Every structure is written in C-alpha cells, then in structure tokens.
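Per-entry structural report
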Amino acid sequence: MSLYDDAVLVLKGYEGQDELRQSYLDHLAAHPDGMWKACHAGHVTASALVIDPERGRVLLTLHRKLRMWLQMGGHCEPGDATVAAAALREATEESGMAGLTLLPGGPVRLDRHPIPSPCHWHYDVQYAALAPSGAVEAISDESLDLRWFAYGEVAGVADDSVVRLLAAARARL
C-alpha cells in the first residue's frame, strides 16, 4: 500500500472534525501528489506531541524557522510506509528520544494551517507519542530549543493548535 493510500484510509477512519477531515480527503482526491512537499497547493504533514503522562508534561520544540513552540513534526518522506510512521519518525528525529510509541487509536487531531509561499497549506495529521520512562531529549538541527512544559504551561507558550492537540491527547489518555 502506498503512503497516499494509507493517508486516505487513516482519514476515512478518523472520527471527528468531519468538515476538516473531508477537506483533507478532497485535497488528496484533487492532488495525487498531495503527500509531498512539492505539491504547492498544499500537502499532508505528520506530527506528534511527545507526552510524559507520568509527570504531566509535554516536550515542545522551538521551531527554527517559525520561532514558535510546537509539537514535533514535518513533511512525509518517500521511506515512510504510513502517516503514523512519518509522525513517529519526525518525533524521534526532533526529540532525540529512542523508544517513543504512538498513543493507540490513530490520530488525535487534524490541523490545517497556512504556510508561506510557494506552498499554501499544511494538512497536518496529529498524533501523540508517549515518552518512555527516563527518556532524555536531544536537540536536533531543526530546533532552536527543546523544553518540557507542564500541561498547565502550554497555553502560555504555544498557539491554540498545540493547546487543542494537548487537550485531545489528554482526553485519549
């Protein structure tokens, strides 16, 4: 199965955010290259909020280009077999942590947001990744900083999309 086919199946099986979910499916139907950064009309991305439920905290990255505290994530790559695998790869690369596992049940949210030209939209499929006990983060080249934030601190440092993702992840826990 191709990554495109996996994305369509994941989206068809996702419950909630019906109108937004349908816009993702419509975009992919209109753009067979909609999984890739080269699709300037917009493309699917995969992200994961790294969460440590034992200590009530999440790991956020200070994005190098956007200079915002965000969850780990980014573009799908040809080696990604599934959207979930892309999210887990991104979370592992950007957090520097081995042993992350995705929260069962598929994506926890969808978030479509505009991005600078030449592209127009990121159709982000958002997961939550559980940090193993005792895991130590390591900053990547894509980040200016990595930092753990208590659940209650997230709204003070991150935008509403991250706050909504945290709420959805906590509800899934």
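The notes below deal with the structure included here.

Rules used throughout
Residues numbered from 1 in each chain as written. Predicted model: local features only at pLDDT ≥ 70, side-chain atom pairs only at ≥ 80, totals over all residues. Heavy atoms only, no water. Phe/Tyr/Trp six-rings, centres within 6.5 Å; stacked < 30°, edge-to-face > 60°. Helix = DSSP H or I, 4+ residues; strand = E, 2+ residues; numbered from the N terminus. Buried < 20%, exposed > 50% of the residue type's maximum accessible area, 1.4 Å probe, protein only. Lys NZ or Arg CZ within 6 Å of the ring centre and 35° of its normal. 1 Å grid on protein atoms, 1.4 Å probe; cavity = no way out; pocket = protein on both sides within 12 Å on 5 of 7 lines; lining within 4 Å. Points joined across faces, edges and corners; volume = space filled by probe spheres on them. Nonpolar A, V, L, I, M, F, W, Y, C, P; charged D, E, K, R; others polar. Salt bridge = Lys/Arg side-chain N within 4 Å of Asp/Glu carboxyl O.

**Notes on the packing of aromatic side chains**
- Scanning the model with the defined rule gives two aromatic pairs in all.
- Between Tyr24 and Tyr123, the aromatic rings sit 5.1 Å apart at their centres with planes inclined by 90°, giving edge-to-face as the arrangement. Note that Tyr24 is positioned in helix H2 (residues 18-30) and Tyr123 in strand S7 (residues 121-130), a separation of 99 residues in sequence.
- Each ring, one from Trp69 and one from Phe149, has its centre 5.0 Å from the other, and the planes form 75°; the classification is edge-to-face. Separated by 80 residues along the polypeptide, Trp69 in strand S3 (residues 69-70) and Phe149 in strand S8 (residues 143-150) bring together distant segments of the chain. Accessibility classification places Trp69 together with Phe149 in one group, the buried group.
- The ring of Trp148 is capped by Arg57, whose NZ or CZ atom sits 3.9 Å from the centre of that ring.
- Here the guanidinium or amino end of Arg112 rests over the ring plane of Trp121, the centre of that ring lying 4.5 Å away.

**Quick word on the layout of surface pockets**
- Here the largest pocket defines a volume of roughly 950 Å³.
- If you trace the largest pocket, you find 32 residues lining it, with His63, Leu66, His75, Ile115 and His122 closest to the centre.
- Elements represented by at least two residues in the lining of the largest pocket include exactly strand S1 (43-52), strand S2 (57-63), strand S4 (72-75), helix H3 (83-95), strand S6 (109-114) and S7.
- Grouping the amino acids of the lining of the largest pocket by side-chain chemistry returns eight nonpolar, twelve polar and twelve charged.

**Description of the pattern of salt bridges**
- One pass over the structure, following the stated rule, counts seven salt bridges.
- With a closest N to O distance of 3.3 Å, Glu77 and Arg89 form a salt bridge. Residue Glu77 is found in the loop between S4 and H3, and its partner Arg89 is found in helix H3; the two are separated by twelve residues along the sequence.
- A residue is classified by how much of its surface remains accessible, and Arg89, at 16% relative accessible area, is buried.
- The residue Asp145 makes a salt bridge to Arg147 at a minimum N-O spacing of 2.7 Å.

**Considerations on the side chain of Asp111**
- On the secondary structure map, Asp111 appears in strand S6.
- Asp111 sits in the buried class, given a relative accessible area of 10%.

Keep in mind these numbers describe shape, not what the thing actually does.
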